[in-house]
Amino acid sequence: QDPHIDQFIRDHDDPHGQRFANWIAEKFGHGTPWSEERSKRKTCPFHAHGHEFQSAHDRSSAHFTAWHSPKRKEEDFGKHFKLDDSRVWM
């Protein structure tokens, strides 16, 4: 596990890789696997740095959840991804 990426991942049991693959497949016209899974996805509350949030239910809320990860340093909490974050992720 990469420690830089780990700060954005709240739960390693979450099937992020599969959802990302479904999203890419859907964007390339291979049906609607991401939309179908998303419509059934459950959310749950979590706490980070004194705030309560709901877990991600779509792409936008997934980014918001990562920005507010309880694993992030307090001074980085809520900040959007930067270029170096994207380079490491890819």
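Worth saying up front: this structure is predicted, and the values here are computed from it rather than measured.

Now for the overall build of the protein chain. Within the protein chain, the secondary structure is distributed over 5 helices and 2 strands. Start at the N end of the protein chain and walk to the C end: the helices and strands fall as α-α-α-β-β-α-α. Once the C-alpha set of the protein chain is aligned to its principal axes, its extents read approximately 40 × 30 × 20 Å. Relative to its full complement of 90 residues, the protein chain shows a buried share of 26%. Restricting the contact set of the protein chain to residue pairs at least 6 apart, pairs at least 24 apart contribute 35%. In the structure as shown, the protein chain presents an accessible area of about 6500 Å², 53% of it carried by carbon and sulfur atoms. Counting 14 positive and 15 negative side-chain charges, the protein chain places the averaged centre of each group 4 Å from the other.

Inspection of the sheet shows strand β1 (residues 45-48) paired to strand β2 (residues 51-54) by 4 bridges, in the antiparallel sense. Opposite P45, over in β2, you have Q54 as the bridge partner. Adjacent in sequence and paired antiparallel, β1 and β2 are bridged by 2 residues, among which H49 carries a positive phi angle near 50 degrees.

This structure, assessed with the given rule, holds 5 aromatic pairs. Here the aromatic rings of F53 and F64 are separated by 5.7 Å at their centres, their planes lie at 70 degrees, and the arrangement is edge-to-face. On the criterion of sequence distance, the pair formed by F53 in strand β2 and F64 in helix α4 (residues 59-67) is long-range, its members being 11 residues apart. Relative to F81, the ring of W67 lies with its centre 5.8 Å away and its plane at 65 degrees, an arrangement referred to as edge-to-face.

Here the focus is unusual backbone geometry. Positive phi, close to 50 degrees, is recorded for H49, a residue that is not glycine. Positionally, H49 belongs in the loop between β1 and β2.

All of the buried residues in α4 are S61, T65, A66 and W67. Where α4 is buried, its residues touch β1 and β2.

Under the counting rule described, the total for this entry stands at 4 salt bridges. Between D6 and K71 there is a salt bridge; the shortest N-O distance is 3.2 Å. You can see D6 sitting in helix α1 (residues 3-6) and its partner K71 sitting in the loop between α4 and α5 (83-89), a full 65 residues away along the chain. Residue class for K71 comes out partly exposed when judged on its relative accessible area of 36%.

Conventions adopted
- Counting restarts for each chain: residues are numbered from 1 in the order of the written sequence.
- pLDDT decides what is reported in this predicted model: residues at 70 or higher carry local features, side-chain atom pairs at 80 or more are listed and counted, and totals for whole chains, interfaces and linings draw on all residues regardless.
- The side-chain numbers reported here are obtained from all heavy atoms of the structure, hydrogens and water having been left aside.
- Helix and strand definitions follow DSSP, with helices as H or I runs of at least four residues and strands as E runs of at least two, each counted in order from the N terminus.
- Residue exposure (1.4 Å probe, protein chains only): buried if accessible area is under 20% of the type maximum, exposed if over 50%, otherwise partly exposed.
- Note on contacts: a residue pair is in contact if any heavy atoms of the two residues lie within 4.5 Å.
- Each accessible area value is a Shrake-Rupley result obtained with a 1.4 Å probe; residue values ignore everything except the protein chains displayed when judging cover.
- His residues and chain termini do not enter the charge count, which takes Lys and Arg as positive and Asp and Glu as negative.
- For charged residues, the charge sits on one atom: NZ in Lys, CZ in Arg, CG in Asp, CD in Glu.
- Here, a strand pair is defined by DSSP locating no fewer than two bridges between the strands.
- Note on aromatic contacts: the rings of Phe and Tyr and the six-membered ring of Trp form a pair at centre separations within 6.5 Å, being stacked when their planes are under 30 degrees apart, edge-to-face when over 60 apart, and tilted otherwise.
- The salt bridge criterion pairs a side-chain nitrogen of Lys or Arg with a carboxyl oxygen of Asp or Glu, the two atoms within 4 Å.

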